[in-house]
Amino acid sequence: MGIGAGIGMLPAISTGVRASNAPAMASDLAYDAFMALPDDARRANYEALVRDARSTQHKPMRRVNAQKRERLRTMKVLILDNSQREPSVASVWGHTLEDKRAIDGVVRGLGFKHVVAGALNDAAQVDDQFCAELGGDAGPTSFWTFSEFTDGALRDGAPIFDDDHVPVGLRKTAAYGLKNVVLEVDTCAAFWEDRAVSAFADGVVRWTRWLRGAAGHDARVIVNLRDLAKGMVRCPDRCVAMVAALADLPHHVRPASLLFEEPFGEYLPCEVGGWTALLRATMDAHGWPSAFQEDGASIDGALLIHVHRQWGLADAVTLDALAAGCDGLMAAVCEEGAALGHASSAVALANLARLGNRDVVTRYNLRGVIEGARQVTKLTTGAPVAV
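Residues numbered from 1 in each chain as written. Predicted model: local features only at pLDDT ≥ 70, side-chain atom pairs only at ≥ 80, totals over all residues. Heavy atoms only, no water.

Comments concerning the packing of aromatic side chains
The geometry of an aromatic ring pair comes down to the distance between the two centres and the angle between the two planes.
Stage number 1. The final tally for this structure, using the stated rule, is 8 aromatic pairs.
Stage number 2. Seen in terms of ring centroids, Phe161 and Trp207 are 5.6 Å apart; in terms of plane orientation they differ by 75 degrees. Their pairing is edge-to-face. Linking Phe161 in the loop between strand 5 (158–159) and helix 8 (168–175) with Trp207 in helix 9 (residues 197–215), this pair joins segments that are 46 residues apart in sequence.
Stage number 3. For Trp207, a relative accessible area of 0% puts it in the buried group.
Stage number 4. Ring plane angle 85 degrees and centroid distance 5.8 Å describe the contact between Trp192 and Phe200, whose orientation is recorded as edge-to-face.
Stage number 5. Trp192 sits in the buried class, given a relative accessible area of 4%. (Phe/Tyr/Trp six-rings, centres within 6.5 Å; stacked < 30°, edge-to-face > 60°. Helix = DSSP H or I, 4+ residues; strand = E, 2+ residues; numbered from the N terminus. Buried < 20%, exposed > 50% of the residue type's maximum accessible area, 1.4 Å probe, protein only.)

Okay, structure coming up:
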């Protein structure tokens, strides 16, 4: 029996509350006050709400969201491919160097210009081997690595940004001959509680300058607010201020792009879409618009999203974020990743093509993306895809 049916069969008990007033009463009262009502009064409200819902259930839908559909149809779409890293995170089947080489061969034929090569930290792992093997021989592909924003070095409770405390991910990136880094930032980190947001911006500038000195003047940084979903619930003002601080930086030291994550698979498309619109509006208002939507090449001012699966919302969340102002997504071609799975580029690109987006059809090898997703899944799980 469905929930609605169960509620609808609750016994009608006289409460002194007219059924016609029930919807207004439920919507006007705060949740706690509503729940404090006697059971009989709450049931009367439930019954009226269910009746109203059923009365509209079969009414024909006259409109769709034309504004969102137009944005999804006409936008240019940027993919930061994460097929080398995402599928192996928290996986029981780790990648070998041969797997990395095979994935590299798959990804290079799909039209992705920006590709994550690995996550570098103080552990020796296969990502180190692969990044060292790539070296400076990237060809037309821009390879990126993940690095922590701070390795935990604190002084008086504040992160230290100096040459003696450069995060190991940055140091390894330069040592391997690579140039581009995604800095992993936590908006809810305790050390931001009593400090001005300018300290965060100063750290980004410091690491950008260090990387360019060590890896080359054309080295680039993307800032990833990897806990933004939590931050927008706990400290939304700080999150927006951090974005504004980045946008206000001089162009020559500002990050190339901004990335954020919904790492829990918890939040509704409309919620993540709202956060996206707020971030995009903040970037635009502070002089950091998306160059990618203008020329389809520069990633200056691009806004990207990465969404984890869990409760089945990931693909819808991704589309809502794109419609609300994201320029693209960081994703692997397949859905495996980070234990929960994630919103893949294969599904996102297929949806956009289905909605009439010509950019994804001409920019990316869509047939290759689908086949590539099958290949990366097999390399990650050891099992072929059933369909």
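Alright, that's what it looks like, and here's the rest.
A short note on the pattern of salt bridges
Stage number 1. What the rule picks out here adds up to 21 salt bridges.
Stage number 2. Here Arg101 and Glu98 are joined by a salt bridge, their closest N and O atoms 2.4 Å apart. Linking Arg101 with Glu98, this pair stays in helix 6 (residues 97–107), spanning 3 residues, or about one helical turn.
Stage number 3. The exposure class of Arg101 is partly exposed, given its relative accessible area of 35%. (Salt bridge = Lys/Arg side-chain N within 4 Å of Asp/Glu carboxyl O.)

Some details on the packing of helix 12 (residues 269–285) against helix 14 (residues 314–324)
Stage number 1. Following both chains from N to C, one finds helix 12 and helix 14 inclined at 30 degrees, their axes separated by 8 Å at the closest point. By the criterion of interaxial angle, the relationship of helix 12 to helix 14 is roughly parallel. Relative to helix 14, helix 12 is oriented so that their crossing is right-handed. Contacts between helix 12 and helix 14 involve Pro269, Cys270, Val272, Gly273, Thr276, Ala277 and Arg280 on the former and, on the latter, Ala316, Val317, Asp320, Ala321 and Ala324.
Stage number 2. A breakdown of the residues in the contact of helix 12 with helix 14 according to their chemical character gives 8 nonpolar, 2 polar and 2 charged. (Axes fitted to C-alpha atoms, helices over the stretch in contact; angles between N-to-C directions. Parallel < 35°, antiparallel > 145°, perpendicular 65-115°, else oblique. Left-handed = near helix turned anticlockwise from the far one by under 90°. Contact = heavy atoms within 4.5 Å. Nonpolar A, V, L, I, M, F, W, Y, C, P; charged D, E, K, R; others polar.)

From the geometry alone we can't say anything about function, so treat these as descriptive.
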